[in-house]
Amino acid sequence: MTRTAPSSILGLTAADLKPTAEFAAWCDAHDPLASFRDEFEIPRGADGHPVSYMVGNSLGLMAKTSRRLVTEELDDWATLGAEGHVHGRRPWVWYHEHFRAGLASLAGAKESEVVAMNTLTANLHFLLMSFYRPAGARRRILVERGAFPSDRFAVRSFVRAIGGEEAIDVVEVAPREGEECLRNADIEATIAREGDSLALVLLSGVQYYTGQVLDIANITRAAHAVGARCGWDLAHAMGNVELRLHDWGADFACWCSYKYLNGGPGAVAGAFIHERHHGTPPPRLEGWWGTNPSNRFEMGPRFEPGPGADAWQVSNPPILSLAPLRASLDLFQKAGMESLVCKARAMTGFIEMALRDRGANGVRILTPPATSERGCQLSISLEGPPERARRVFESLKPRGVYCDFRHPRVIRAAPAPLYTSFGDCWRLVDAIASVL
Ligand SMILES: Cc1ncc(COP(=O)(O)O)c(C=O)c1O
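Residues numbered from 1 in each chain as written. Predicted model: local features only at pLDDT ≥ 70, side-chain atom pairs only at ≥ 80, totals over all residues. Heavy atoms only, no water.

(A) Spatial organisation of the domain arrangement of the chain. Taken domain by domain, the chain consists of domain 1 (6-54 + 337-435) and domain 2 (70-332). Using C-alpha coordinates to define each centre, domain 1 is positioned 29 Å away from domain 2. Listed as interface residues are 27 residues of domain 1 and, on the opposing side, 19 residues of domain 2. Both faces considered, domain 1 and domain 2 share a buried interface measuring about 1,900 Å² in area, 60% of it formed by carbon and sulfur atoms. (Domains from an automatic or database assignment. Contact = heavy atoms within 4.5 Å. Buried area = accessible area lost by both parts, 1.4 Å probe.)

(B) Main features of the packing of helix α4 (residues 100-107) against helix α11 (residues 319-335). One way to put it is that α4 packs onto α11 with a least axis distance of 9 Å and a crossing angle of 50°. In terms of their interaxial angle, α4 and α11 are classed as oblique. Seen from above, α4 lies across α11 with left-handed handedness. Here G102, L103, S105 and L106 of α4 come into contact with α11, specifically with L329, F332 and Q333. (Axes fitted to C-alpha atoms, helices over the stretch in contact; angles between N-to-C directions. Helix = DSSP H or I, 4+ residues; strand = E, 2+ residues; numbered from the N terminus. Parallel < 35°, antiparallel > 145°, perpendicular 65-115°, else oblique. Left-handed = near helix turned anticlockwise from the far one by under 90°.)

(C) Spotlight on the sheet that holds strand β10 (residues 270-273). Strand order in the open sheet formed by seven strands is β4-β10-β9-β8-β7-β5-β6, with mixed pairing between adjacent strands. Edge positions in the sheet fall to β4 (114-116) and β6 (170-173), since each has one partner strand and no second. On average, each strand axis in the sheet is inclined to that of its neighbour by 20°, with strand direction left out of account. For strand β5 (residues 140-144) and β6, the ladder comprises four bridges, and the chain directions are parallel. (Pairing = 2+ DSSP bridges.)

(D) Layout of the site of the ligand. All residues in the neighbourhood of the ligand are listed as L120, T121, F148, S150, D151, D233, A235, H236, Y258 and K259. In this structure, an oxygen atom belonging to the ligand sits 2.6 Å away from a side-chain N or O atom of Y258. In this structure, an oxygen atom belonging to the ligand sits 2.7 Å away from a side-chain N or O atom of K259. For the ligand, the accessible surface in isolation is 400 Å², of which the surrounding protein chains cover 82%. Among the secondary structure elements, those contributing two or more residues to the shell around the ligand are α5 (120-131) and α6 (149-161). Residues belonging to the shell around the ligand are distributed by class as follows: four nonpolar, three polar and three charged. (Near = heavy atom within 4 Å. Polar contact = N/O pair within 3.5 Å; in protein donor to acceptor, adjacent residues only side chain to side chain. Areas by Shrake-Rupley, 256 points an atom, 1.4 Å probe, with all protein chains shown as cover. Nonpolar A, V, L, I, M, F, W, Y, C, P; charged D, E, K, R; others polar.)

(E) Representation of the sheet that holds strand β15 (residues 410-413). Taking strand neighbours across the sheet as the criterion, the four strands line up as β11-β12-β15-β14 in an open arrangement whose pairing is antiparallel. Of all strands in the sheet, those bounded by a partner on one side alone are β11 (363-365) and β14 (404-406). Averaged over all pairs of adjacent strands, the angle between their axes in this sheet comes to 30°, without regard to strand direction. Here three bridges tie β14 to β15, and the two strands are oriented antiparallel to one another. Paired with R406 across the two strands is V410, which belongs to β15.

(F) Structural context of the pairing of β10. On β10, burial covers both faces: G270 and F272 on one face and A271 and I273 on the other are all buried. Where β4 meets β10, three bridges bridge the pair, whose relative direction is antiparallel. Note that in β10 the partner of V114 across the bridge is F272. In the sheet, strand β9 (residues 252-255) pairs with β10 via four bridges, with the strands oriented antiparallel. The residue of β10 that forms the bridge with C254 is A271. (Buried < 20%, exposed > 50% of the residue type's maximum accessible area, 1.4 Å probe, protein only.)

(G) Here's a closer look at the side chain of S381. Residue position: S381 is located in strand β12 (residues 378-382). Here E383 takes part through its side chain, which lies 2.5 Å from a polar atom of the side chain of S381. Aside from chain neighbours lying at most four places away, what touches S381 is G362, V363, R364, L366, R409 and V410.

(H) The arrangement of the environment of V170 in detail. By the element assignment, V170 lies in strand β6. V170 sits in the buried class, given a relative accessible area of 9%. With residues up to four places along the chain from it excluded, the contact list for V170 reads I141, V143, V155, R156, V159 and E165.

(I) Highlighting the pattern of salt bridges. Applying the stated criterion to the full structure yields 27 salt bridges. Residues E172 and R152 are paired through a salt bridge, measuring 3.1 Å at the closest nitrogen-oxygen approach. Here R152 lies in helix α6 and E172 lies in strand β6, a separation of 20 residues in the sequence. Take E172: its relative accessible area is 23%, and that puts it in the partly exposed class. Overall, the relative accessible area of 28% leaves R152 in the partly exposed class. Across the salt bridge formed by R276 and D251, the nearest N and O atoms sit 2.9 Å from each other. (Salt bridge = Lys/Arg side-chain N within 4 Å of Asp/Glu carboxyl O.)

(J) Region of interest: the packing of aromatic side chains. Applying the stated rule across the entire model yields 16 aromatic pairs. Ring geometry for W288 against F297: centres 5.6 Å apart, planes inclined by 75°, an arrangement best described as edge-to-face. A relative accessible area of 46% places F297 in the partly exposed class. Over the face of the ring belonging to W289 we find R296, whose NZ or CZ atom lies 4.1 Å from the ring centre. (Phe/Tyr/Trp six-rings, centres within 6.5 Å; stacked < 30°, edge-to-face > 60°. Lys NZ or Arg CZ within 6 Å of the ring centre and 35° of its normal.)

Structure, rendered in structure tokens:
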């Protein structure tokens, strides 16, 4: 498998798409990324055939080499015991370093700016501690009203824990009345209006419910223009959309690795801390794994930080939970994010137009139509009574199509381009349209 130039991803424009099974088969036959599908274990349905798996926005599939990589670590543990820390085939003391290049490339960051550590909500708390530093009149934090519940809980509990007042210190942005998606201009206007009162803006790069991609570059710029910091939850963005966190100047970001990064259930998460915070870092919660590895084991009494984002680590990493991520990051490197984004655009465009063409009744796509505002997730709202939407959703699995459902009537379908085929996309459309 070789890296594929994005222009050669089928060379499709919206006008080329045709809403037929034959067209889907043609795309699969000409898709230069098609062979990556063979690198993954694809669950099988009741008929014994691989399902059309569209739930990579919840839990990505297992790369086949994950099993070997986990087994190798188990073998080193079995044969070497504690010696594995330094004499294993990939010594555990330096294990997290294997992820730097892959994560930096997906985050659009320098290698020193990223680190694989903890879990997502834990990282949100750690990074709030460093970057939400209310002082004087500058004490508010801007979040999204419809943010994923864990983000809401993290922010609000953090504000309370440091003696703030939720009702005053937490400012929310929301879609306009009758709209589902946020407007970037509204977010920027709220930032400007809050001005000197704003300490931090914390938003999701890709909204979990609608699949909307926010304008990270301009929102970050707007936050900095009023003297606030800006951080990003990239749970639905890493491995889904192209990111340039360093150039965009984000202060920090964090993500989980079990969705598009295919790291496995509960996989070790990741964090980005811009290099301008490395030299004179803000206060942070410390642990021994954040210290300099060259003298960590001298067990000195003082915290001597390791380089860059590594200094934010607190504990030695869970090797068995990190191992599968290596397999997937290698595949991302080979496929190239640009190519994957092109394929995702073609697939979401195909699903949308095929649903329209099949006359799927009462279907509304919540995800914005502009390619700059969507990744590979389509949020399909089934209008009418929620029970009907639920019924349609429940009819998909027996037809070999795995999606997820978000209350009250949204089916989220995420054709992750590393392992999803155009045939899968057609199967989704066919299943929805035939039920409706
Ligand atoms: C946007 C977002 N934030 C936070 C979380 C919570 O992640 P974790 O359970 O890994 O802390 C999720 C989980 O799906 C999420 O989608």
